[in-house]
Amino acid sequence: MSRYLMHLLLFPTRVSLCFLSLLYWIVVYGTAAITACLVLIRIIWNGFWDPYGTFHWTVRQRPPACLRDPALGKHAYLYGRSSGLRFHYVTKGDHRKPLMLFLHGFPENWYSWRYQLVEFSRCYHTVALDLRGCGNSDAPSQLEDYSLEKLLYDIRDTIDELGHTSCILVGHDWGGMLAWHFALERPDMVQRLVIMNAPHPASWLDAVLRRPSQLLRSGHACFFQLPFLPEIALSLEDFKLVRSMLCGGRVGIRNRARRLTEAQLEGYLYRLSQPGALTASLNYYRSLLSNTLYKHQDVAVTCMLIWGEEDNILVEGMSGGTRPYVRGPVVVHTIPDCSHWVQQDQPEVVNNLLWDFLMDRDSISNHTTHRLFSNASASGALNGDSRNL
């Protein structure tokens, strides 16, 4: 009798969860359909007026010089014990020092961490990994190869193969989402957690369900759920949309001194232009977005969240939405006039914040501290004072 009573008591909760899940997917695919219509209209319009320029893209034959710069570190490979895949990474610093592992987002690769690789190699064994399917790492073709479980095994195997038992884990964008999940699954392997412009998985779900209109700001993530069309759209006009993401006036790097040169932009386009590379990268969205309803226990690792205030890619206010899901000590920093590409847009500010956090100069407590920083000058000095909010 008690068994039936238990099922009866749980029935409203199960119905609510099913309803929220259904609502979530309606919002995601509804947004994907709207975005797809807008993209198709643009493709047809541009193709009518300039068919050759629109449906033209170039496969890069040689990696650009910026990816071969020895000052940024040494290139190396490791094999994942769980997957058997070969992973490319760039490392700098003494391997006997504590590991500082960097995880990039889309459409980036290890090169997005060039400022941090050099800066922190004095005290740490810094490693910028090309995630599965990205950069020079192996790129399996099946969507199931990008399941959350396999991606988390990649991080664990990387730490093990590098000869460490734990690390300071730093992630941006989808790399940040992976870092959140890894800290939830393996807190014993994360000494400290640093997240840049990547919401806690549960705060993403909350933001979408509470304010579905805000999902339009992240319409690309929903659009990428569709097959084939995103790859075509991103390739058109020689990867114009990718260029716009990184360098455009609305969503690109805002700091004039740090805007990507054409040669630096080629550091990202080189690998993305290879056959199948875009599909491998987009599989992160197609796989990980389905894990939004993944178990969302609180993060107990000491962590810092850095958020570029002018992020026009992720939902507004996501940085503050992380607070309810962090049980351990945490500090949140917001950088004004800074884009989604925070570690490239304001590297001096980011590096200063990282040093303060790692050297325990930051005001970390058992309660969230939220600080607002002004932009840094080219020399790395902070202009203006910080203030508690």
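Here the structure is a predicted model, which is why all the values come from computation and not from measurement.

(A) Spotlight on the overall build of the chain. Counting secondary structure elements, the chain contains 13 helices and 10 strands. The buried share of the chain, taken over its 389 residues, is 56%. Of the contacts made within the chain by residues no fewer than 6 positions apart, 75% connect residues no fewer than 24 positions apart. Summing over all exposed atoms, the chain offers an accessible surface of approximately 17,200 Å²; the carbon and sulfur share of this is 58%.

(B) Spatial organisation of the pattern of salt bridges. Overall, the coordinates contain 17 salt bridges when judged by the stated rule. Put simply, Asp-157 and Arg-156 hold a salt bridge, and the shortest N to O gap is 3.0 Å. Between Arg-243 and Glu-266 there is a salt bridge; the shortest N-O distance is 3.9 Å. Here Arg-243, found in helix H8 (residues 229-247), pairs with Glu-266, found in helix H9 (residues 262-272); they are 23 residues apart in sequence, far enough to count as distant. Glu-266 sits in the buried class, given a relative accessible area of 17%.

(C) Broad picture of the side chain of Asn-255. Here Asn-255 shows up in the loop between H8 and H9. Judged by its relative accessible area of 16%, Asn-255 falls in the buried class. Discounting residues that sit within four places of it in the chain, Asn-255 has contacts with Asp-345 and Gln-346.

(D) Representation of the confidence of the model for the chain. Averaged over every residue, the pLDDT of the chain is 85; residues scoring 70 or more account for 79%. A low-confidence stretch, residues 365-370 stays under pLDDT 50, and its non-local contacts, those more than four residues away or across chains, total 18 contacts. Contacts of residues 374-389 to residues separated by more than four positions or lying in other chains number 40 contacts, the stretch itself having pLDDT below 50.

(E) Structural view of the environment of Glu-119. Inspection of the secondary structure assignment puts Glu-119 in helix H3 (residues 114-119). With a relative accessible area of 25%, Glu-119 lands in the partly exposed category. With 47 residues separating them along the chain, Glu-119 and Leu-72 place their C-alpha atoms 9.8 Å apart. Setting aside its immediate chain neighbours within four residues, Glu-119 contacts Asn-351 and Trp-355.

(F) Region of interest: H8. With 19 residues, H8 extends only 22 Å from end C-alpha to end C-alpha; this falls clearly short of the ideal 27 Å at 1.5 Å per step. For H8, the principal kink sits at Glu-237 and spans about 110°. Among the residues of H8, those classed as buried are Leu-229, Pro-230, Glu-231, Ala-233, Leu-234, Ser-235, Leu-236, Asp-238, Phe-239, Val-242, Met-245 and Leu-246.

(G) How the structure looks around the pairing of strand S7 (residues 303-308). The element S7 is largely enclosed, with a buried count of six among its six residues. In this sheet, strand S8 (residues 330-335) lies alongside S7 in parallel orientation, the contact comprising six bridges. Along S8, the bridge assignment pairs Leu-305 with Val-332.

(H) Looking closely at unusual backbone geometry. Here Phe-106 and Pro-107 are connected by a cis peptide whose omega angle stands at 5°. Along the polypeptide, Pro-107 turns up in the loop between strand S3 (99-103) and H3. At Glu-237, a residue that is not glycine, the phi angle is positive and equals roughly 55°. Counting through the fold element by element, Glu-237 comes out in helix H8. For Glu-237, a relative accessible area of 27% corresponds to the partly exposed category. Phi angles above zero are rare outside glycine, and Phe-239 is one such case at about 65°.

(I) How the structure looks around a nonpolar patch on the surface. A surface patch of nonpolar side chains, about 480 Å² in accessible area, is lined by Trp-45, Phe-48 and Trp-49. By the secondary structure assignment, Trp-45 is in helix H1 (residues 2-49).

(J) Representation of the packing of helix H4 (residues 148-161) against helix H5 (residues 174-185). In the contact formed by H4 and H5, the axes pass within 10 Å of each other and the chain directions differ by 75°. The angle between H4 and H5 falls in the class roughly perpendicular. Seen from H4, the contacting residues are Leu-148, Leu-151, Leu-152, Ile-155, Arg-156 and Ile-159; seen from H5, they are Leu-178, His-181, Phe-182 and Glu-185. Residues belonging to the contact of H4 with H5 are distributed by class as follows: seven nonpolar, one polar and two charged.

(K) View of the packing of aromatic side chains. Per the stated rule, a full pass over the model turns up 13 aromatic pairs. Between the aromatic rings of Phe-120 and Trp-355, the centroid separation amounts to 4.6 Å while the plane-to-plane angle is 35°, which identifies the pairing as tilted. Of this pair, Phe-120 sits in the loop between H3 and strand S4 (125-129) while Trp-355 is found in helix H13 (residues 347-358), placing the two residues 235 residues apart along the sequence. The residues Phe-120 and Trp-355 share a single accessibility class, namely buried. On the numbers, 6.5 Å between centres and 40° between planes, the contact of Tyr-124 with Trp-355 is tilted.

Scoring rules and cut-offs
Residues numbered from 1 in each chain as written. Predicted model: local features only at pLDDT ≥ 70, side-chain atom pairs only at ≥ 80, totals over all residues. Heavy atoms only, no water. Helix = DSSP H or I, 4+ residues; strand = E, 2+ residues; numbered from the N terminus. Buried < 20%, exposed > 50% of the residue type's maximum accessible area, 1.4 Å probe, protein only. Contact = heavy atoms within 4.5 Å. Areas by Shrake-Rupley, 256 points an atom, 1.4 Å probe, with all protein chains shown as cover. Salt bridge = Lys/Arg side-chain N within 4 Å of Asp/Glu carboxyl O. pLDDT = per-residue confidence, 0-100. Expected span 1.5 Å × (residues − 1). Bend = angle between axes of the 7 residues up to and from the residue. Pairing = 2+ DSSP bridges. Patch = residues over 30% accessible without salt bridge, like charges linked within 9 Å, V, L, I, M, F, W, Y side chains within 5 Å. Axes fitted to C-alpha atoms, helices over the stretch in contact; angles between N-to-C directions. Parallel < 35°, antiparallel > 145°, perpendicular 65-115°, else oblique. Nonpolar A, V, L, I, M, F, W, Y, C, P; charged D, E, K, R; others polar. Phe/Tyr/Trp six-rings, centres within 6.5 Å; stacked < 30°, edge-to-face > 60°.

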